[in-house]
Amino acid sequence: MPGNKCNVDPATPKSRTERLMKERNLRKLNKVFNLNEKAGDSLRDGELFSNDSAFTETENCASLNEEELSEGIDGYDRQDQRLPKQRLLVVANRLPVSAVRQGKDSWQLEISVGGLVSALLGLKEFDARWIGWAGVNVPDETGQEALTKALAEKKCIPVFLDEDTVHQYYNGYCNNIIWPLFHYLGLPQEDRLSTTRSFQSQFDAYKKANQMFANVVHENYEEGDVVWCHDYHLMFLPRCLKEKNSNIKVGWFLHTPFPSSEIHRMLPSRRDLLESVLAADLVGFHTYDYARHFVSACTRILGLEGTPEGVENQGKLTRVAAFPIGIDSDRFIRALELPQVQDHIKELKERFAGRKVMLGVDRLDMIKGIPQKILAFEEFLEENPEWRDKVVLLQIAVPTRTDVPEYQKLSSQVHEIVGRINGRFGTLTAVPIHHLDRSLDFHALCALYAVTDVALITSLRDGMNLVSYEFVACQASKKGVLILSEFAGAAQSLGAGALLVNPWNIAEVAASISQALNMPADEREKMHQHNFMHVTTHTSQEWAATFVSELNDTIIEAQLRTRQVPFLPVKVAVERYLQSNNRLLVLGFNSTLTEPASTQGVRGGHIRELQSRLHLEIKETLKKLCDDQRTNIVILSGSDRAVLDDNFREYNLWLAAENGMFLRHGTGEWMTTMPENLNMDWVDSVKKEHLDLILSFVKLHLYGITSMQRVILESFNQRICCSISGLALFQMQLLMLSKVIDLLRFDLLV
């Protein structure tokens with residue numbers, strides 16, 4: 001009977017967190033037994049995301065405490081025993097639609113099916129909503145209401161930004177400051193004074209825009225929703241969301257490279273952006289290198305502790321991980337069978353009969369390395385005259401930001417190089433380079449991928465570059481060769497099946513072109529199969545599902561960690577304190593009574609040697625406790641005597657320095673806790689062995705010999721245990737050593 005607690009199915013979750021754990025098991029089972037349906041290629045009923053419902057029964061989960069673990073997603077419908085979908089709020093700078101106003105209260109919407117939209121189409125276990133800017137200025141309320149209503153049918157929610165905010169936030173701070181810096185182009189240099197004057201106003205607009213996004217998220221947020229923030233446009237958003245609701249589940253993903261700390265530290269707002277991103281529960285990047293750079297920046301700029309799991313700040317762990325994005329490979333594979341694509345393929349084969357086809361598909365952008373690519377092709381033709389009438393390079397350069405002088409200059413430079421090469425090596429009937437300043441439709445692009453023999457990607461810096469994935473997906477019959485820049489994120493995923501090059505080394509790229517054109521068929525097929533397997537298994541849908549799953553798991557793990565932490569029963573402790581006549585309070589010093597590391601370890605953005613200082617807000621309270629005749633206080637610290645002298649010379653309490661090696665009461669003399677007749681001759685030998693083992697430990701970390709690390713660590717621990725009586729002190733040093741090595745693992749590999 002409904003409502004009868006005795007008749008409830010034992011598999012019914014007793015808390016929201018338990019339900020999340022059941023859903024995690026659901027996802028794992030679905031992967032094992034392949035129960036999930038594949039996402040459709042077309043948009044159904046004009047919606048961006050599928051609404052299909054699915055349920056799979058799973059085993060029971062361990063019972064969790066309802067009061068302690070109450071965060072999670074919406075309630076559980078016990079009557080029909082179905083798991084309602086978890087809502088996913090995807091927040092990006094732009095909505096995946098283009099809006100054109102046709103009247104006072106009428107809008108025409110055109111859907112743009114990009115990589116992120118395709119990824120979310122496959123998330124059938126989530127009910128997704130998209131929040132972002134529609135790309136148009138709508139100053140009147142009537143137009144805003146009409147556009148909001150039209151977008152609601154597409155499960156999109158608009159953020160309305162005025163023209164000045166868009167100019168300062170998007171064109172200014174995002175595209176003129178963050179984007180160049182994250183791609184190692186540095187800050188603007190042509191008009192430094194103007195840039196310096198306008199920087200603060202652009203940064204203020206950036207924060208304002210992020211707050212506007214946060215306001216829309218909060219207006220549409222329901223308890224248990226997952227908020228997924230995307231890219232460098234919204235680095236302030238996690239902080240804005242958490243400040244209003246600390247329980248909201250927030251993930252942030254960067255689609256560009258994250259630079260090394262030496263580059264990031266040039267940014268005037270470096271600390272603000274890092275601290276804002278750390279407000280998220282899960283921070284994702286395309287590659288491990290980008291994640292490592294982020295952790296290193298937090299360590300060096302903020303003075304926080306980096307761990308293999310992420311960054312720890314005042315007891316809160318922000319998880320940092322790599323989630324390489326993919327494409328909807330099935331969409332490309334299916335497209336090759338379409339009649340219009342087959343017609344395109346036939347035309348291209350006839351057009352370039354007898355010639356090898358090389359292909360480049362890029363945005364006309366400084367980071368894509370188009371001039372370097374064309375110059376390398378020129379050097380190849382110079383060194384290999386026999387190929388001059390047997391190969392053609394098709395370069396598709398999609399125009400972007402045509403009103404920006406730097407892009408206009410780049411376009412002129414590319415046209416000049418192409419014209420020179422075609423004039424030098426071309427004939428009346430054929431030219432070696434076909435350059436197009438426009439984009440191609442999806443079917444024409446698939447056909448072009450299918451007839452290509454060599455794909456040439458020479459990005460100077462790229463977050464991932466999915467052109468390489470699209471090329472591989474369309475090469476089932478041709479099995480062409482991929483030449484890929486080592487500075488593209490895709491090099492870490494497809495590098496084993498590609499020819500990696502340094503695009504700045506023109507001679508190396510030219511040699512790789514020759515190697516690719518002359519590669520034996522069996523070697524081409526072997527390299528293609530490796531990449532094809534990766535592209536078809538690591539899809540965009542799998543990427544999105546993995547990130548959201550990891551975000552939910554991160555929340556669960558954080559709650560379980562909180563559940564395991566013993567809390568002081570404040571009410572009982574206060575009652576016992578008031579009733580007692582002879583009290584002893586043993587307090588730690590570092591991280592207990594000191595200022596936070598973020599304020600005491602960094603001054604003006606520069607990390608200095610930490611000097612522990614008693615927190616200003618604690619001084620008065622501590623003084624009152626010390627003046628109480630019924631209360632005795634002991635400060636226990638690993639710091640040396642001088643540090644404790646500087647901080648507690650005015651207080652009437654006991655001090656225990658160097659983990660209890662020395663004691664002092666009030667303003668008296670320090671006394672040692674070691675027996676007078678204790679033989680200390682072994683100390684020097686242990687210290688030497690201690691140092692030798694540390695050096696060996698660090699060297700082995702550099703070479704990655706983890707098994708030997710464990711042997712040395714265990715041996716080190718055993719020797720110390722056998723040789724000293726002050727075991728606790730050295731065990732603490734051993735733990736500190738492990739933390740130091742964890743930090744060195746990041747720093748020494750930068």
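Where an unreviewed UniProt entry is consulted, the chain appears under the name alpha,alpha-trehalose-phosphate synthase (UDP-forming), with the organism given as Salix purpurea. As recorded by UniProt, the Catalytic activity (unreviewed entry) comment attached to the chain reads in full: "D-glucose 6-phosphate + UDP-alpha-D-glucose = alpha,alpha-trehalose 6-phosphate + UDP + H(+)".

S.K.: How do you make sense of the sheet that holds strand β10 (residues 310-313) when you look at a structure like this?
M.R.: Sheet strands pair by backbone hydrogen bonding; their relative direction is either parallel or antiparallel. Strand order in the open sheet made by the nine strands is β5-β4-β1-β6-β7-β8-β11-β10-β9, with mixed pairing throughout. Single-partner strands in this sheet number two, and they are β5 (156-158) and β9 (305-306). Bridge analysis of β10 against strand β11 (residues 316-322) gives four bridges, and the strand direction is antiparallel. In the sheet register, E312 faces β11, and the bridge partner there is L317.

S.K.: What is the right way to read the pairing of strand β8 (residues 282-285) from this model?
M.R.: A regular strand carries its side chains on alternate faces of the sheet. What you see with β8 is no split at all: L282 and G284 on one side and V283 and F285 on the other are buried throughout. As defined by bridge partners, strand β7 (residues 249-253) adjoins β8 across three bridges and the pair is classed as parallel. Directly across from F253, in β8, lies its bridge partner G284. Where β8 and β11 come together, four bridges link them in parallel fashion. Looking at the pairing, G284 lines up with A321 of β11.

S.K.: Just to check I follow, could you spell out unusual backbone geometry for this structure?
M.R.: One non-glycine residue, D231, lies in the positive phi region at around 75°. Within the secondary structure layout, D231 lies in the loop between β6 (226-230) and α6 (237-244). Look at D231 and you get buried, because its relative accessible area is 13%. Not every positive phi belongs to a glycine, and E658 is a case in point at roughly 55°. You can call E658 partly exposed: its relative accessible area is 29%.

S.K.: I keep staring at the packing of helix α12 (residues 370-383) against helix α17 (residues 506-517) and nothing clicks. Help me out?
M.R.: Packing of α12 against α17 leaves a shortest axis separation of 8 Å and a crossing angle of 65°. The crossing of α12 and α17 is right-handed. Contacts from Q372, L375, A376, F377, E379 and F380 in α12 reach I506, A507, V509, A510, I513, S514 and L517 in α17. When the residues that make up the contact of α12 with α17 are grouped by side-chain class, the tally is 10 nonpolar, two polar and one charged.

S.K.: I tried to follow a nonpolar patch on the surface on my own but got confused; where do I start?
M.R.: A cluster of nonpolar side chains, L568, V570, V574 and L578, forms an exposed patch at the surface whose accessible area comes to about 410 Å². Mapped onto the elements of the fold, L578 is located in helix α20 (residues 570-579). By relative accessible area, which is 60% here, L578 ends up exposed.

S.K.: Honestly, the sheet that holds strand β16 (residues 481-485) in this entry has me stumped. Any pointers?
M.R.: Judged by pairing direction, the sheet is parallel, and its six strands sit side by side in the order β14-β13-β12-β15-β16-β17 without closing on themselves. Every interior strand has two partners, whereas the edge strands, β14 (433-436) and β17 (499-501), have only one. In this sheet, neighbouring strand axes are inclined to one another by 15° on average, regardless of whether the strands run parallel or antiparallel. Across four bridges, strand β13 (residues 391-398) lies against β14 in parallel orientation. The residue bridging L393 from the neighbouring strand is I433, located in β14. Sheet strands in contact with α12 are β12 (356-363), β13, β14 and β15 (454-457), and its direction is about 170° off that of β13. Along the sheet, helix α14 (residues 442-451) makes contact with β12 and β13, crossing β12 at roughly 140°.

Conventions adopted
- Residues numbered from 1 in each chain as written.
- Predicted model: local features only at pLDDT ≥ 70, side-chain atom pairs only at ≥ 80, totals over all residues.
- Heavy atoms only, no water.
- UniProt positions renumbered as here; feature names shortened; annotations may be inferred.
- Pairing = 2+ DSSP bridges.
- Helix = DSSP H or I, 4+ residues; strand = E, 2+ residues; numbered from the N terminus.
- Buried < 20%, exposed > 50% of the residue type's maximum accessible area, 1.4 Å probe, protein only.
- Axes fitted to C-alpha atoms, helices over the stretch in contact; angles between N-to-C directions.
- Left-handed = near helix turned anticlockwise from the far one by under 90°.
- Contact = heavy atoms within 4.5 Å.
- Nonpolar A, V, L, I, M, F, W, Y, C, P; charged D, E, K, R; others polar.
- Patch = residues over 30% accessible without salt bridge, like charges linked within 9 Å, V, L, I, M, F, W, Y side chains within 5 Å.
- Areas by Shrake-Rupley, 256 points an atom, 1.4 Å probe, with all protein chains shown as cover.
- Salt bridge = Lys/Arg side-chain N within 4 Å of Asp/Glu carboxyl O.

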